Amino acid sequence: MEPSTQAVKPPGFFKRLIDNDIAWSFFHSPTAMIAAFITITCIACTMFAPWIAPFDPFDPAQISLWDGKLPPSWVEGGQAQYILGTDNQGRDMLSTILYGGRLSILVGLAAVCMGMVLGVTLGVLSGYFGGLTDTIIMRIADIQLTIPGILLAILINGIGRTILPLEMREDFAIFVVIFAIGLSDWPQFARVARGATLVESQKEYVQAARVIGLPQRLIILRHVLPNTLRPVLVIATIGLALAIISEATLSFLGQGIPPTTPSLGTLIRVGNEYLFSGLWWITLFPAIALVVLVFSVNLLGDWMRDALNPKLR
Amino acid sequence: MLAFILRRLGQSVLVMAAVSVISFSLFNFVGDPVNNMVGQEATREDRVLIRQKLGLDDPIPVQYFRFMGNALKGDFGLSYRSKRPVDELIKERLPATLELVFVSAVIALVVGICAGIYTGIRRDGWLSKMILSTSLVGVSLPTFIIGIGLIYLFAVTLRWLPSSGRAGVVELGWWKTSLLTADGWRSVILPAITLSLFQLTMILRLVRSEMLEVMQTDYIKFARARGLSERAINFGHALKNTLVPVITIIGLNIGGLIAFSVITETVFQWPGTGLMFIQAVDFADVPIMAAYLCFVALVFVVVNLIVDLLYVLIDPRIRIAGR
Amino acid sequence: MKNRKYLVAGAVALALCSGQAMSENVLRWTSQGDALTLDPHSQNEAPTIAMNGMMYESLVTRDPDMNLLPELAESWSNEGDVWTFKLRQGVKFHGGEDFTAEDVVFSFERARHEASDFKEQIKAVVEINVVDDHTIELKTDGPNPILPNQLTSLFMVDKGWAEANNSVSPQDYAAGEETYLVRNVNGTGPFKLVSRAQDELTEMEANADWWGKGQFPGNLDKIVYKPIGNAATRVAALLSDEVDFVLDPPLQDLKRIEGADGLKTVTVPQVRTIFFGMDQGIDELRTSDVKGKNPFADVKVREAMNVAIDRKAIQRVVMEGLSFPAGMITSPGVLGNTPEQDAEIPFDLEKAKSLMAEAGYADGFSVRLDCPNNRYNNDEKICQAAVAMLAKIGIKVNLEAIPKSQHFPKLQNRETDFYMLGWGVPTLDSEYVFSYLLEAEGSWNAAGYNNEKVNEVTKAIASETDLDKRTMMIDEAWTEVRADMPYVPIHHQVIAWGMGDKVDAPIGSDDALRPRYIVMK
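All of these numbers come straight from a predicted model, not from anything done at the bench.

Undergrad: Sorry if this is basic, but what is going on with the overall build of chain B here?
TA: Within chain B, the regular secondary structure consists of 13 helices and two strands. Evaluated residue by residue, chain B yields a buried proportion of 55% over its 323 residues. Contacts spanning at least 24 positions in sequence make up 70% of the contacts within chain B whose residues lie at least 6 apart. On chain B, roughly 14,300 Å² of surface is accessible, and the fraction owed to carbon and sulfur atoms is 69%.

Below is the structure:
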């Protein structure tokens, strides 16, 4: 189900990935199903934001300042077209949250993918070849782990802003954020992938494949890689939740996505400025949106971790 | 054993060397240091003179070794913003951060381990289920939202605790502590809880799953069969075996706490190194950024080293494997 | 000073500390950013000057109503290009040293040092002569009618003390050490420094030997300052009675503060105007999709932008009503601001569109707007609003909002096409605006504005002492500026302070806290 959207590659994996025990566990866990439902709804709503949202908050020509700070439609003074009210710039809150959520999820997914591809590649290579390759890669991972992710993200972001030419900054801000979050993520993937690879490459069929002279590329791709996928998937799901939080944190600290095209974190930062103003909808709704999204992703990851851990069954 | 320790030490030194290269390159990436020091009106000659005095025209390796030499002595130069020696600034701010981290770590460990054990033993109890789902909310809430929420509730609405800052500071030599006065404790509660929540959840979940795994091992089953009391099994056998991963977590925990103190300190205006770092980033105050980076890395390396050594003491199997 | 064994830092502790504290009037206050340094000649930045002004004094000062008052000088007179200042007698520094003419000379020399940020401000002074122990003469490069106005933030330090502590210059970069004066204060002012931890806590106590004791209404015994960067946290501290005074509460929170028990707000129009500048002096913009020419060089485009900005909407929605829409880039209260010159430029979207079409930009163009995000009231939000308004006439604006420390160098280095700036006028004379912002060589003229007539007037008024003539010349120059529209004026800022009912602090249009006038009940 949900896992499949993240598992890429040949159709053969697909079946193996959701083989019966996991599917069984999924359909017998109401929590998992609810979490998956909320997550998918969140992702779908935000991804289709341009079609669902009543306004396009990223198009400045559509915004009228005179509509600013209107309360939600059910509160006195609210207008029917702005269901959740408007923010300080006259943007429709609902549309802004949908668009902002899309940005947050995209940044999160991209960062996790980057960390995953980098980490799994290095981890598998490290575990399969061992020796010097292993030592070098894992030491780099150690160094990487020495610097806490969020600090690294702040640093990379700060440096990125300084060294990029002025005219490129605006366009690259989002990529710098993705890069900063993704880069701090990879050692986790690398460790897990390396562990799984170590276990797998000891197995007889891999040894046998080596003996009969199958190309290494093939052995890694066909036999070793698929077996790392399950634990990697768990990390990726939890990593997605963390990445979304990291992005929000960066933006909250004013180091992330600019307020003209706000992400959820940026919206919360702006909301925080209105904490005591009485304009509660500007503060509350983006925060709720973020928490619901992250919570459901976490719930899903939590279930997956238990479901994929045979020892606990 | 000795070889293992030496190898670990060697790796730690390598890590620190790598981090120092990164922080050194900060100086060269982030703008021209001379521009940051002199005003707009400085003449070309002034700039050349300062460049020479600071040795900025020397070859890069020479500059790097000078930087390393100074860094080893704890000298990171003057802050661009406040024109004060960076090591002094960090030394001043350090007690605040360490005390905050200490209190948070204690909260996270005590509450986390207790709750973890409880939920591990009473796997299906309703209280366990509640603790677990609450803890999941804990990881899903970004630190800053928790902080703002606590301020709003306890400081502004209920007026029980101060909203920000560090009060009741007492000087003990160069160390300024706020843990000796009632005011100091009142001011540390909210930031410490905020900072600890995430780690608390992590510890809780780890201890729980370790307990679950250990409880299913053969020797616990055997202990049961021998008729040992539940208490003896839980605390005598099971808990002891969850120690190894818990120690790892403490290691990562302290590092994580220091990293996330950046956010907590910003929200609560806690005058520690994290707040200083964020202000330095805003001002592009490179000497502080570089020194802070080295400092955090050093803490991580030292903590990890201690954790590794503790491993060896606790789990003899590692002694043999050597890793 | 530094080696007190017990440093009771807690503001709460101070206030609650039984008997002794009851009789003490302690002002606990906060604002966004701490003074950068306590060295009085190092940084020319308003919060730094305001903080130093509590402990140091200058020859001339201003009261909350911005009237010029004698401080360390008792009187002054002007003849040609020589100004004579009679110094106050019997004044002592906090350390007990006598204040004499030698100290004035030393302080001027220190402020003129290459590492001082104040050298620009007193560049007109070419010579300082000691007449006797309590009289000095300042010689200027030509007649300078407004010299006393330029001296209000030039603080006096003790020569012997500074020399004894190796602090003859404000900064010695190569020495790699901090200057003693960065954290130590020996002024003549009403408050003495007790302790200082930058960005954390600064404590001062009343100076019992101050010359002005009894002449001012203030009754503070102690001042405790704690900067709080996050705006919401700052307001929370006021709401929960941890501070008595907030210098810069966000405008949107004023209602909440007003509504809270025992709290009040005061507002006053500030001498500071917020505006946008467009670089019209270069051949091709750096951040635009228009190549080979500069759209801002066309006065039609500049006018279109001026009429496309709905200043009333910004005032009502972004500023919560706390601003005055502007027609010029200097505020009421400054010589040269007249109702005619300052008449608001009316909002007219259709006219703006047709002006753009006339200029050949019917389809608009793109450009980046550089904006500070921690300097002016709601600065970033104003920029955001402007982005939406300009989008409606086809100008696609990319907004870059960054901290002030990174924003201002862009202007000074002329690396920006389109930017926000707010300009205050400490001298209350248009000369300060012309020489920095409108004269072709002005150091803050990042718009590259160059108008012969304005350049001439700027030069002439520097030494024109006849007030009528001066006023007329200034008005002529402003008329030129209004026709050329080199800037987009937005509004004159309003200052708002939040404080407890027990605090009575007279608000001044320069946003500086003047503790000698603060009364606590």
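Undergrad: Just checking my understanding: could you explain the packing of helix α5 (residues 86–121) of chain B against helix α8 (residues 182–215) of chain B for this structure?
TA: Helices that pack against each other are described as a pair by the angle of their axes relative to one another and the distance between those axes. Residues and elements named next belong to chain B. For the pair α5 and α8, the least separation of the axes is 6 Å and the interaxial angle reads 35°. The crossing of α5 and α8 is right-handed. Classifying every residue of the contact of α5 with α8 gives 22 nonpolar, seven polar and one charged.

Undergrad: Would you mind going over the pairing of strand β17 (residues 487–500) of chain C with me for this structure?
TA: Note on strand geometry: in a regular strand, side chains alternate between the two faces of the sheet. All names here are of chain C. Counted residue by residue, β17 has 14 buried out of 14 residues, so it is predominantly covered. In this structure, strand β11 (residues 245–246) lies alongside β17, joined through two bridges in antiparallel fashion. By the bridge assignment, Val 246 is partnered in β17 with Gly 498. Of the strand pairs in this sheet, strand β12 (residues 263–278) and β17 are connected by twelve bridges, and their pairing is antiparallel. Paired with Lys 264 across the two strands is Met 499, which belongs to β17. Here three bridges tie strand β13 (residues 323–325) to β17, and the two strands are oriented antiparallel to one another. Counted as the bridge partner of Phe 324 is His 492 from β17.

Undergrad: Would you explain the state of the cysteines in this entry?
TA: In protein chemistry, a disulfide is the covalent bond that joins the sulfur atoms of two cysteines. Under the defined criterion, the tally for this structure stands at one disulfide over all chains. Looking at Cys 42 of chain A, it has no disulfide partner, and the nearest cysteine sulfur is the one in Cys 45 of chain A, 7.1 Å off.

Undergrad: Explain the interface of chain A and chain B here, please?
TA: It is common to report an interface's size as the accessible area lost on association of the parts. The interface of chain A with chain B comprises 38 residues on the first partner and 46 residues on the second. Here chain A and chain B share one salt bridge between them. Here Asp 302 of chain A and Arg 205 of chain B are joined by a salt bridge, their closest N and O atoms 2.4 Å apart. Summed over the shared surface of chain A and chain B, the number is two residue pairs in polar contact (both at pLDDT 80 or more). At the level of secondary structure, the elements contributing two or more residues to the side of chain A that touches chain B comprise α7 (131–146), α8 (149–163), α12 (216–252), α13 (264–273) and α14 (280–308) of chain A. Top element by residues in the side of chain A that touches chain B is α14 of chain A. It accounts for ten residues.

Undergrad: Would you mind going over the environment of Gln 188 of chain A with me for this structure?
TA: All names here are of chain A. Note on placement: Gln 188 falls in helix α10 (residues 186–202). A relative accessible area of 42% means that Gln 188 is categorised as partly exposed. Taking the C-alpha atoms as reference, Gln 188 lies 8.6 Å from Gly 115; in sequence the two are 73 residues apart.

Undergrad: Sorry, what's going on with the packing of aromatic side chains here?
TA: Within a pair of aromatic rings, the relevant descriptors are the distance that separates the centres and the angle that separates the planes. Counting across every chain of the model gives 40 aromatic pairs over all chains. Aromatic side chains Phe 252 of chain A and Phe 144 of chain B sit 4.1 Å apart centroid to centroid with 10° between the ring planes, which places their arrangement in the stacked category. On the criterion of chain membership, the pair formed by Phe 252 of chain A in helix α12 and Phe 144 of chain B in helix α7 (residues 143–157) is interchain, its members lying in two chains. Each member of the pair Phe 252 of chain A and Phe 144 of chain B is classed as buried. Plain terms: the ring middles of Phe 434 of chain C and Trp 478 of chain C are 4.9 Å apart, the flat faces sit at 40° to each other, and that makes the pair tilted. Of this pair, Phe 434 of chain C sits in helix α13 (residues 431–438) while Trp 478 of chain C sits in helix α15 (residues 467–484); the two residues are 44 residues apart in sequence, bridging distant segments of the chain. Taking relative accessible area as the criterion, Phe 434 of chain C reaches 0% and is therefore assigned buried. Assessed through its relative accessible area of 2%, Trp 478 of chain C is described here as buried. An aromatic cluster of at least three residues, connected via ring pairs, comprises Phe 24, Tyr 64, Phe 65, Phe 67 and Phe 76 of chain B.

Undergrad: What is the right way to look at the packing of helix α14 (residues 452–461) of chain C against α15 of chain C in this model?
TA: Residues and elements named next belong to chain C. At a closest axis distance of 9 Å, the pairing of α14 and α15 adopts a crossing angle of 155°. Between α14 and α15, the crossing angle belongs to the class labelled roughly antiparallel. Read as a crossing pair, α14 and α15 show a hand that is left-handed. For the pair α14 and α15, the contacting residues are Lys 453, Val 454, Val 457, Ala 460 and Ile 461 in the first and Arg 470, Met 473, Ile 474, Glu 476, Ala 477, Glu 480 and Val 481 in the second. Here the residues of the contact of α14 with α15 are counted per class, giving eight nonpolar, no polar and four charged.

Undergrad: What am I meant to see in the environment of Pro 190 of chain C here?
TA: Residue and element names in this part refer to chain C. The topology assignment puts Pro 190 in the loop between α5 (159–164) and β8 (191–197). Owing to a relative accessible area of 6%, Pro 190 belongs among the buried residues under this scheme. Considering only alpha carbons, one finds Pro 190 and Asp 209, 19 residues apart in sequence, at a separation of 8.3 Å. Sequence-distant contacts of Pro 190, defined by excluding residues within four places in its chain, comprise Met 54, Glu 57, Glu 205, Ala 206, Asn 207, Trp 210 and Arg 516.

Undergrad: What's the story with a nonpolar patch on the surface in this structure? I'm lost.
TA: Residues and elements named next belong to chain A. On the surface, Ile 34, Phe 37, Ile 38, Trp 74, Ile 83, Trp 280, Leu 284, Ile 288 and Val 292 cluster together to form a nonpolar patch covering roughly 870 Å² of accessible area. Of all the secondary structure elements, the ones that give two or more residues to the nonpolar patch are α4 (30–47) and α14. Sorting elements by how many residues they give to the nonpolar patch places α14 first, with four residues. Mapped onto the secondary structure, Leu 284 falls in helix α14. You can call Leu 284 partly exposed: its relative accessible area is 42%.

Undergrad: Honestly, the sheet that holds strand β4 (residues 73–79) of chain C in this entry has me stumped. Any pointers?
TA: For sheets, the rule is that strands pair by backbone hydrogen bonds, running either parallel or antiparallel. Residue and element names in this part refer to chain C. With antiparallel pairing, four strands are arranged side by side in an open sheet as β4-β5-β7-β6. Pairing within the sheet leaves two strands with one partner each, and these edge strands are β4 and β6 (125–132). Within this sheet the neighbouring strands show an average axis-to-axis angle of 20°, counted without direction. Both β6 and strand β7 (residues 135–140) contribute to a ladder of six bridges, which runs antiparallel. From the neighbouring strand, Asp 132 faces β7, where its bridge partner is Thr 135. Where helix α4 (residues 101–112) meets the sheet, it contacts β5 (82–87), β6 and β7, and its direction lies at approximately 165° from that of β6.

Undergrad: Can you walk me through the pattern of salt bridges in this structure?
TA: A side chain with one charge can pair with a side chain of the opposite charge if their charged atoms come near. Scanning the model with the defined rule gives 36 salt bridges over all chains in all. A salt bridge links Asp 241 of chain C to Arg 28 of chain C, with the shortest nitrogen-to-oxygen separation between them at 3.5 Å. Residue Asp 241 of chain C is found in the loop between α6 (231–239) and β11, and its partner Arg 28 of chain C is found in strand β1 (residues 26–30); the two are separated by 213 residues along the sequence. Within this structure, Arg 84, Glu 88 and Glu 92 of chain B together with Arg 183 of chain C form a network of salt bridges that share partners.

Cut-off values and rules
Residues numbered from 1 in each chain as written. Chains lettered and ligands numbered in written order. Predicted model: local features only at pLDDT ≥ 70, side-chain atom pairs only at ≥ 80, totals over all residues. Heavy atoms only, no water. Helix = DSSP H or I, 4+ residues; strand = E, 2+ residues; numbered from the N terminus. Buried < 20%, exposed > 50% of the residue type's maximum accessible area, 1.4 Å probe, protein only. Contact = heavy atoms within 4.5 Å. Areas by Shrake-Rupley, 256 points an atom, 1.4 Å probe, with all protein chains shown as cover. Axes fitted to C-alpha atoms, helices over the stretch in contact; angles between N-to-C directions. Left-handed = near helix turned anticlockwise from the far one by under 90°. Nonpolar A, V, L, I, M, F, W, Y, C, P; charged D, E, K, R; others polar. Pairing = 2+ DSSP bridges. Disulfide = S-S within 2.5 Å. Salt bridge = Lys/Arg side-chain N within 4 Å of Asp/Glu carboxyl O. Polar contact = N/O pair within 3.5 Å; in protein donor to acceptor, adjacent residues only side chain to side chain. Phe/Tyr/Trp six-rings, centres within 6.5 Å; stacked < 30°, edge-to-face > 60°. Parallel < 35°, antiparallel > 145°, perpendicular 65-115°, else oblique. Patch = residues over 30% accessible without salt bridge, like charges linked within 9 Å, V, L, I, M, F, W, Y side chains within 5 Å.

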